[in-house]
Amino acid sequence: MTEQLPFEPGLVAVDPAGDLATALELPARPLHIEVGFGKDVRVLRAAAADPGTLYLGIEVSRKKHDKFCRKVARAGLRNVRALLCDVREVLQEMLPPACVLSFTVLFPDPWPKRRHHKHRWITPESAPQLARALVPDGCVTVATDDAPYMDQIRASMRSAGFRLERETATVPALERSLFAERFERLGAPVLYQLWLRG
Ligand SMILES: C[S@@+](CC[C@H](N)C(=O)[O-])C[C@H]1O[C@@H](n2cnc3c(N)ncnc32)[C@H](O)[C@@H]1O
């Protein structure tokens, strides 16, 4: 007998102009969110191993988003959705409170030049929005190779009441992304953190 999954097959892409909560049946469905998946497919591995949970990838690049949708369809995964949108808009107005189990953020663009810092999205403004969207025992995992950005992330998460549960100099195998592998090959230092909602 084939296993009954709680999700109907259908389009992977979620309409950014529509109501996200309705499209994803929030908060009734447990949801994991991956922000800025790029060309990486970690979320497909996670979703395949956890078919009863919904996984949403958010990506601002149309090309990467469309490629991701094709990969999800080819893999036949019914519990993965993709949203072509700036995560800042999603956090500001599109997510109901207490509906997200976890956010995974692997190597967010660091925008190292000072005049470009305004493009970074993990900030003292967005960290409370992450906290609001999470369920009470929800978490955020984040990895970066950019030490100054990690300082900003640490300060932002602390000020929003997050508690640092784990900090390592390598990305755990299950979370390893294309960028994680690239930095590992180069021998470049990275920092990985797991934050729990306070
Ligand atoms: C450096 S890549 C990392 C890709 C992947 N997570 C990995 O580790 O291999 C950062 C990705 O975040 C996406 N991104 C940047 N700013 C974003 C935003 N505000 N909202 C959603 N995605 C964003 C970029 O388009 C890019 O694909």
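Remember, it's a predicted structure, so these values are computed and weren't measured experimentally. (Residues numbered from 1 in each chain as written. Predicted model: local features only at pLDDT ≥ 70, side-chain atom pairs only at ≥ 80, totals over all residues. Heavy atoms only, no water.)

> Lay out unusual backbone geometry with the relevant residues and their values.
Glycine aside, the phi torsion of most residues is negative, and most peptide linkages are trans. Geometrically, the link from L26 to P27 is a cis peptide bond, its omega value of 0° lying close to zero. Note on placement: P27 falls in the loop between α1 (20-24) and β2 (31-35). The residue E25 is not glycine, and still its phi comes out positive at about 55°. Looking at the secondary structure, you find E25 in the loop between α1 and β2. The exposure class of E25 is partly exposed, given its relative accessible area of 43%. Although it is not a glycine, W111 adopts a positive phi angle of roughly 45°. Turning to its location among the elements, W111 is positioned in the loop between β5 (100-106) and α5 (126-133). (Helix = DSSP H or I, 4+ residues; strand = E, 2+ residues; numbered from the N terminus. Buried < 20%, exposed > 50% of the residue type's maximum accessible area, 1.4 Å probe, protein only.)

> Let's hear about the nonpolar core: which residues, and what values?
Grouped together as the largest cluster of nonpolar side chains are 37 residues, with contacts concentrated most on I33, L83, L95, V100 and F103. When contributions to this core are tallied by element, the ones reaching two or more residues are α1, β2, β3 (54-59), α4 (87-94), β5, α5, β6 (134-144) and α6 (147-159). Discounting chain neighbours no more than four positions away, the residues touching L95 are L20, L26, I33, V90, V100, F103, R132 and A133. The next biggest cluster of nonpolar side chains, apart from the first, holds 13 residues, and it includes V12, L44, Y55 and A82. (Core = buried A, V, L, I, M, F, W, Y, C linked by side-chain atoms within 4.5 Å. Contact = heavy atoms within 4.5 Å.)

> Describe in detail the confidence of the model for the chain, supporting the description with residues and values.
The predicted model of the chain averages 93 in pLDDT, with 95% of residues at 70 or higher. A low-confidence stretch, residues 1-9 (pLDDT under 50), is modelled with 16 contacts involving residues beyond four sequence positions or located in other chains. (pLDDT = per-residue confidence, 0-100.)

> Now, about the site of the ligand: what can you tell me, with residues and values included?
What surrounds the ligand is a group of 17 residues, the closest being G36, E59, D86, L106 and S177. Separating a nitrogen atom of the ligand from a backbone N or O atom of G36 is a distance of 2.8 Å. The protein chains hide 92% of the 610 Å² of surface that the ligand would expose on its own. The class makeup of the residues in the shell around the ligand is eight nonpolar, four polar and five charged. (Near = heavy atom within 4 Å. Polar contact = N/O pair within 3.5 Å; in protein donor to acceptor, adjacent residues only side chain to side chain. Areas by Shrake-Rupley, 256 points an atom, 1.4 Å probe, with all protein chains shown as cover. Nonpolar A, V, L, I, M, F, W, Y, C, P; charged D, E, K, R; others polar.)

> Give a detailed account of the sheet that holds β5, specifying residues and quantitative values.
The sheet built from eight strands is open, its strands ordered β1-β4-β3-β2-β5-β6-β8-β7 with mixed pairing. The sheet terminates laterally at β1 (13-14) and β7 (163-168), the two strands that pair on one side only. Strands β1, β3 and β4 (80-84) of the sheet are contacted by helix α3 (residues 62-75), whose axis makes an angle of about 165° with β4. Across the face of the sheet, α5 comes into contact with β5 and β6 while running at roughly 135° to β6. (Pairing = 2+ DSSP bridges. Axes fitted to C-alpha atoms, helices over the stretch in contact; angles between N-to-C directions.)

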